[in-house]
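Structural description and commentary
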Amino acid sequence: KAKAAGRNRVCFFDPKMQTDVNTKAEIIQELYTAISNEQFELYYQKQIDDHGRAIGVEVLLRWCHPVKGVISPAQFIPIAEDTGLIVPIGQWVLQQACQTLARWAKQSATEALTIAVNISAIQFNKNNFVQTVLDALHHTGANPHHLKLELTESMLVSDIADIKTKMSALQQHGVMFSIDDFGTGYSSLFYLKQLPLNQLKIDQAFVRDILVDDNDRAIAQSVITLSQSLKLEVIAEGVETQAQRALLQSMGCNVYQGYFFGKPCSIDELEI
Ligand code: C2E
Ligand code: MG
Ligand code: MG
Ligand code: MG
């Protein structure tokens, strides 16, 4: 009977699930070799001010798989986080970004640009996080004042004293901080107020339908107003049309990022 039930269970097992399991195990295996085989690449997306000038870029990780092609971070970052591989991968991202900053510092067209790097909670929570950022800066000679780290709200709710210590240590070197996807997490304003922040990033979920959805517009407006009150920079992500940009500008936003200004691209394709 047990055997029959067992067989039944196998029958009910969704073949698609099996594929997912294989895929995840495969991805883990392949992620290990991806770093040493140099399969990662950084894409760059411009951040634009009110005058239409690029003031910086965000770097976005891509996995250029030899067989599967370009894999988006949404597909492998969660697995990299589960396995801890996000730590060496994140360090590689920081190192590359700082290398670009150091190179850009030598050219007048790019010397003023900032680079924003996404930081995973797993990475940030490591005891040596501050040191690894400083290492990347020192090894490349990049100017810390041009490096911005994007944190998410969800990582700013645990040990506030530890978070503050790490952020302040880096801030003392000039490193800036932005809160990514702002409005989608659960951070308390009381906590945020205590942290050395430079920027809030309005999540694209509120920008997408901002022209037609009153609630999205109200949320975007409150993030802009909050930024102004706290004397923080505010940037809107996912800006795809001139109409969205114009509305955001009329609401008091003055930095934008999105397909309207340029999709993320390889550094060779980047036009500043
Ligand atoms: P994010 O940091 O919020 O990045 C914004 C995402 O929106 C990017 O997706 C970008 O390509 C996309 N995007 C930009 N403009 C537009 C637009 O106008 N319309 C739409 N629909 N999308 C737009 P991407 O590159 O797939 O990255 C997804 C997420 O993966 C990022 O979200 C970030 O959380 C994470 N990520 C990317 N690179 C890294 C990394 O180096 N380290 C870590 N820890 N996470 C990363
Ligand atoms: Mg980001
Ligand atoms: Mg974002
Ligand atoms: Mg986002």
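Everything below is about the structure shown above.
Residues numbered from 1 in each chain as written. Chains lettered and ligands numbered in written order. Predicted model: local features only at pLDDT ≥ 70, side-chain atom pairs only at ≥ 80, totals over all residues. Heavy atoms only, no water.

Observations concerning the site of ligand 1
- Close to ligand 1 lie 21 residues; Arg62, Asn118, Asp180, Glu240 and Tyr259 are nearest.
- Contacts to ligand 1 include Gln45, whose side-chain N or O atom sits 3.0 Å from a nitrogen atom.
- In the model, an oxygen atom of ligand 1 is placed 3.1 Å from a nitrogen or oxygen of the Asp181 side chain.
- If ligand 1 stood free it would expose 800 Å²; the protein chains cover 82% of that surface.
- Elements represented by at least two residues in the shell around ligand 1 include exactly strand S2 (54–65), helix H3 (73–82) and strand S6 (176–182). (Near = heavy atom within 4 Å. Polar contact = N/O pair within 3.5 Å; in protein donor to acceptor, adjacent residues only side chain to side chain. Areas by Shrake-Rupley, 256 points an atom, 1.4 Å probe, with all protein chains shown as cover. Helix = DSSP H or I, 4+ residues; strand = E, 2+ residues; numbered from the N terminus.)

Observations regarding the coordination of the magnesium ion (ligand 3)
- The protein atoms that coordinate the magnesium ion (ligand 3) are Asp180 (OD), Asp181 (OD), Glu237 (OE) and Glu237 (OE), at distances spanning 2.1 to 2.5 Å.
- Going along the chain, you hit the donors of the magnesium ion (ligand 3) in the pattern D-D-x55-E.
- The metal-metal distance between the magnesium ion (ligand 3) and the magnesium ion (ligand 2) is 3.9 Å, with Asp180 serving as a donor to both. Of this pair, Asp180 sits in strand S6 while Glu237 sits in the loop between strand S8 (233–236) and helix H11 (242–250); the two residues are 57 residues apart in sequence, bridging distant segments of the chain.
- According to the relative accessible area criterion, Asp180 is buried, its value standing at 7%.
- Judged by relative accessible area, Glu237 falls into the buried class, the value being 8%. (Donors = N, O, S within 2.8 Å, 3.2 Å for Na, K, Ca; no water. Buried < 20%, exposed > 50% of the residue type's maximum accessible area, 1.4 Å probe, protein only.)

Quick look at the environment of Asp180
- For the pair Asp180 and Ala161, spaced 19 residues apart in sequence, the C-alpha to C-alpha distance is 20 Å.
- Excluding its chain neighbours within four sequence positions, the residues that come into contact with Asp180 are Glu58, Asn118, Glu150, Leu151, Thr152, Glu153, Lys201 and Glu237. (Contact = heavy atoms within 4.5 Å.)

Considerations on the pattern of salt bridges
- Following the criterion strictly, the structure yields nine salt bridges and no others.
- Across the pair Lys24 and Asp82 runs a salt bridge, and its minimum N-O distance is 3.3 Å. Here the residue Lys24 occupies a position in helix H2 (residues 15–36), and Asp82 occupies one in helix H3, the gap between them amounting to 58 residues.
- Classification of Asp82 as exposed rests on a relative accessible area of 57%.
- The salt bridge involving Glu30 is made with Lys68; its shortest N-O contact spans 3.3 Å. (Salt bridge = Lys/Arg side-chain N within 4 Å of Asp/Glu carboxyl O.)

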